[in-house]
Amino acid sequence: MLKGISRYIIPELLALLHRMGHGDEIILADAHFPGHSSGPQVLRADGITVKQLLEGILPLFELDSYAPPLVMMQAAPGDALDPRVESDYMEVIWKHVPGAPAPERIERFAFYERARKAHAIVMTGELRKYGNLLLKKGVTPVS
């Protein structure tokens, strides 16, 4: 264990976040997402929700300020979104990144295409439908 690192951040995820550069994208995928057939590196965070992962990631991760830093999947025609999913995520995001924009919503297959090009996919234990969240990394400020 390390001091100041969330217990939800497994060692492989910490290394992966460190290797990401400006503009790289990571998918925090719900348990229904076809992560292993999507192409990029996949890490498993079974039993951990996206909200919990956000609590661990955001103190370490700068969101992009040049392009939309948050992307979620639109509901398929005839399906409905649970608004609590986005509001739960934004509660954590705004805690760490006040003023962060709401997620951009894109069509399901467009989201799958973004996932194929992502730096990595983290498969979570998030069970709610449309619980996938893409984070785009920004430039880490130098203090």
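Refer to the preceding data block for the structure.
Basis of the calculations
Residues numbered from 1 in each chain as written. Predicted model: local features only at pLDDT ≥ 70, side-chain atom pairs only at ≥ 80, totals over all residues. Heavy atoms only, no water. Core = buried A, V, L, I, M, F, W, Y, C linked by side-chain atoms within 4.5 Å. Buried < 20%, exposed > 50% of the residue type's maximum accessible area, 1.4 Å probe, protein only. Helix = DSSP H or I, 4+ residues; strand = E, 2+ residues; numbered from the N terminus. Contact = heavy atoms within 4.5 Å. Salt bridge = Lys/Arg side-chain N within 4 Å of Asp/Glu carboxyl O.

Draft legend 1. Focus on the nonpolar core. In terms of nonpolar packing, the biggest core is built from 30 residues, with Leu-13, Leu-54, Ile-93 and Leu-135 touching the most fellow members. Secondary structure elements with two or more residues in this core: helix H1 (11–19), strand E1 (25–29), strand E2 (41–45), helix H2 (50–57), strand E3 (70–73), helix H3 (83–96), strand E5 (120–124) and strand E6 (133–136). The dominant element in this core, judged by the number of residues it contributes, is H3, at five residues. Excluding its chain neighbours within four sequence positions, the residues that come into contact with Leu-135 are Asp-24, Glu-25, Ile-26, Leu-28, Leu-54, Ile-57, Phe-61, Leu-63, Pro-69 and Leu-70. Within the second largest apolar cluster, 14 residues are counted, among which are Ile-27, Val-71, Ile-121 and Tyr-130.

Draft legend 2. Highlighting the pattern of salt bridges. Per the stated rule, a full pass over the model turns up 12 salt bridges. Across the salt bridge formed by Arg-114 and Glu-25, the nearest N and O atoms sit 2.6 Å from each other. Taken together, the residues Arg-114 in helix H4 (residues 108–117) and Glu-25 in strand E1 connect sequence positions 89 residues apart. The exposure class assigned to Arg-114 is partly exposed, which follows from its relative accessible area of 24%. The salt bridge partner of Glu-126 is Arg-128, with a shortest N-O separation of 2.8 Å. We classify Glu-126 as buried; its relative accessible area is 4%.

Draft legend 3. Fine view of the environment of Phe-111. Locating Phe-111 in the fold gives a position in helix H4. C-alpha of Phe-111 to C-alpha of Asp-30: the two residues are 81 residues apart in sequence and 13 Å apart in space. The residues contacting Phe-111, other than those within four sequence positions of it, are Ile-27, Phe-33, Val-71, Met-72, Met-73, Ile-106, Asn-132, Leu-133 and Leu-134.

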